[in-house]
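Here are the chains, one letter per residue:
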Amino acid sequence: MLYATLDYANVFFINYKCCYSTFENLCKRGLVKRINTSTQYIDDIHFKNRLDIKLWLVMRDPYSRIVSFYKDKFVNCYNGYLNNPLKRYDDQGCQKRMYKYCNESKIRSLDFKLSDLISAMKRGYNDPHISPQADVLHINQFSGQINIIRIEDDEFANKCKEIFGFELLRHNSSDSEHCLDALTEDDRAFIYDKYKRDFDLYKNS
């Protein structure tokens, strides 16, 4: 997804599980603009012949992103459904696709572990929430340098405040810190190989 500040001077490439909900919230509040990437947007009057546009890719540590996806979609959502069956949290595409790789009852009983997600990914499970972050750059029509903003950086909030002029409050943030230890060495090796370009961008920015 692609968003721009109201003056169109800053353009953000955004993936799911990388501040997507935050930017959607900003869009609804009229604080950023969503760019239609199915068009030749580089020719838009707001962008054409401008030399002052800064390009930003908001990135998350690939290990943390996988864990966040697991906690958000296979723990918190089903916890929400069990606590409030009248509100559906458990009917999303990412969950339905998983039923091909894991018994639905195991997921609904909250017996679905992080290792089960990794195992499913090894057998072919995929979802836009965990597509490589670098893939979003395929929609880039600009020629300028891509600047990386890492969510985990201590300066993330300050950098965003510098760009937007206000503090960026993250929405739908699934904390991954306490689950990272559940990743085995084999899990980490698999994730590293699958998302190598993401790791390169994240570490070398």
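On a predicted model such as this, the values are computed, not experimentally measured, just so you know. (Residues numbered from 1 in each chain as written. Predicted model: local features only at pLDDT ≥ 70, side-chain atom pairs only at ≥ 80, totals over all residues. Heavy atoms only, no water.)

J.: Even after reading the chapter, I still don't get the overall build of the protein chain, so can you show me in this structure?
T.: Within the protein chain, the regular secondary structure consists of eight helices and five strands. Counting helices and strands in the order they occur from the N terminus, the protein chain gives β-β-α-β-β-α-α-α-α-β-α-α-α. Looking at the 205 residues of the protein chain, the share that counts as buried comes to 44%. Look at the contacts in the protein chain between residues 6 or more apart in sequence, and 75% of them connect residues 24 or more apart. Per element, the accessible surface of the protein chain, about 11000 Å² overall, is 46% carbon and sulfur. (Helix = DSSP H or I, 4+ residues; strand = E, 2+ residues; numbered from the N terminus. Buried < 20%, exposed > 50% of the residue type's maximum accessible area, 1.4 Å probe, protein only. Contact = heavy atoms within 4.5 Å. Areas by Shrake-Rupley, 256 points an atom, 1.4 Å probe, with all protein chains shown as cover.)

J.: Help me out: how do you make sense of helix H5 (residues 114–122) in this one?
T.: Residues separated by three or four positions in an α-helix point in the same direction, a consequence of the helix having 3.6 residues per turn. All of the buried residues in H5 are Leu114, Asp116, Leu117, Ile118, Ala120 and Met121. Gly124 sits one or two positions beyond H5 and adopts a positive phi of about 120°.

J.: Would you take a moment to explain the sheet that holds strand S2 (residues 10–13) for this structure?
T.: Whenever strands of a sheet pair, they do so through backbone hydrogen bonds, lying parallel or antiparallel. Here five strands make up an open sheet; going across it, the order is S3-S1-S2-S4-S5 and the pairing mixed. Strands with a single pairing partner mark the edges of an open sheet, and in this sheet they are strand S3 (32–34) and strand S5 (146–150). Strand-to-strand twist in this sheet, taken as the mean axis angle between neighbours without regard to direction, amounts to 30°. Judged from the five bridges that link them, strand S4 (residues 54–59) and S5 form a sheet pairing that is parallel. Note that in S5 the partner of Trp56 across the bridge is Asn147. Here helix H1 (residues 20–28) sits on the sheet in contact with strand S1 (2–5), S2 and S3, set at roughly 105° to S3. Contacts from helix H8 (residues 196–204) reach S4 and S5 within the one sheet, and its direction differs from that of S4 by about 115°. (Pairing = 2+ DSSP bridges. Axes fitted to C-alpha atoms, helices over the stretch in contact; angles between N-to-C directions.)

J.: I would appreciate a short explanation of the side chain of Asn10 in the present structure.
T.: Along the chain, Asn10 turns up in strand S2. Since its relative accessible area comes to 10%, Asn10 is described here as buried. Here the side chain of Asn10 touches Trp56 through a polar contact of 2.9 Å, side chain to side chain. Contacts of Asn10, omitting those with residues within four sequence positions, involve Tyr3, Ala4, Thr5, Lys54, Trp56 and Ile163. (Polar contact = N/O pair within 3.5 Å; in protein donor to acceptor, adjacent residues only side chain to side chain.)

J.: Just to check I follow, could you spell out the packing of aromatic side chains for this structure?
T.: Each aromatic ring pair is described using two quantities: the centre-to-centre distance and the angle formed by the ring planes. The full count for this structure, using the stated rule, is 17 aromatic pairs. Where Phe69 meets Phe74, the ring centres are 5.7 Å apart and the plane angle is 80°; that geometry is what we call edge-to-face. Of the two residues, Phe69 and Phe74, both sit in the buried class. Ring centres of Tyr192 and Phe199 lie 4.8 Å apart, and the angle between their planes is 35°; this geometry places the pair in the tilted category. Accessibility expressed as a relative area gives 1% for Phe199, which makes it buried. Joined through ring pairs, the aromatic side chains of Tyr3, Phe12, Phe23, Trp56, Phe164 and Phe166 make up one cluster. Directly above the aromatic system of Tyr202 lies the positively charged group of Arg150, at a separation of 5.7 Å from the ring centroid. Above the face of the Tyr63 ring, Arg188 is positioned so that its terminal group lies 4.7 Å from the ring centre. (Phe/Tyr/Trp six-rings, centres within 6.5 Å; stacked < 30°, edge-to-face > 60°. Lys NZ or Arg CZ within 6 Å of the ring centre and 35° of its normal.)

J.: Hey, could you run me through the state of the cysteines in this one?
T.: One covalent bond between the sulfur atoms of two cysteine residues makes up a disulfide. Summed over the entire model, instances satisfying the criterion amount to zero disulfides. Of all cysteine sulfurs, the one in Cys160 lies closest to Cys19, which takes part in no disulfide; the gap is 6.7 Å. (Disulfide = S-S within 2.5 Å.)

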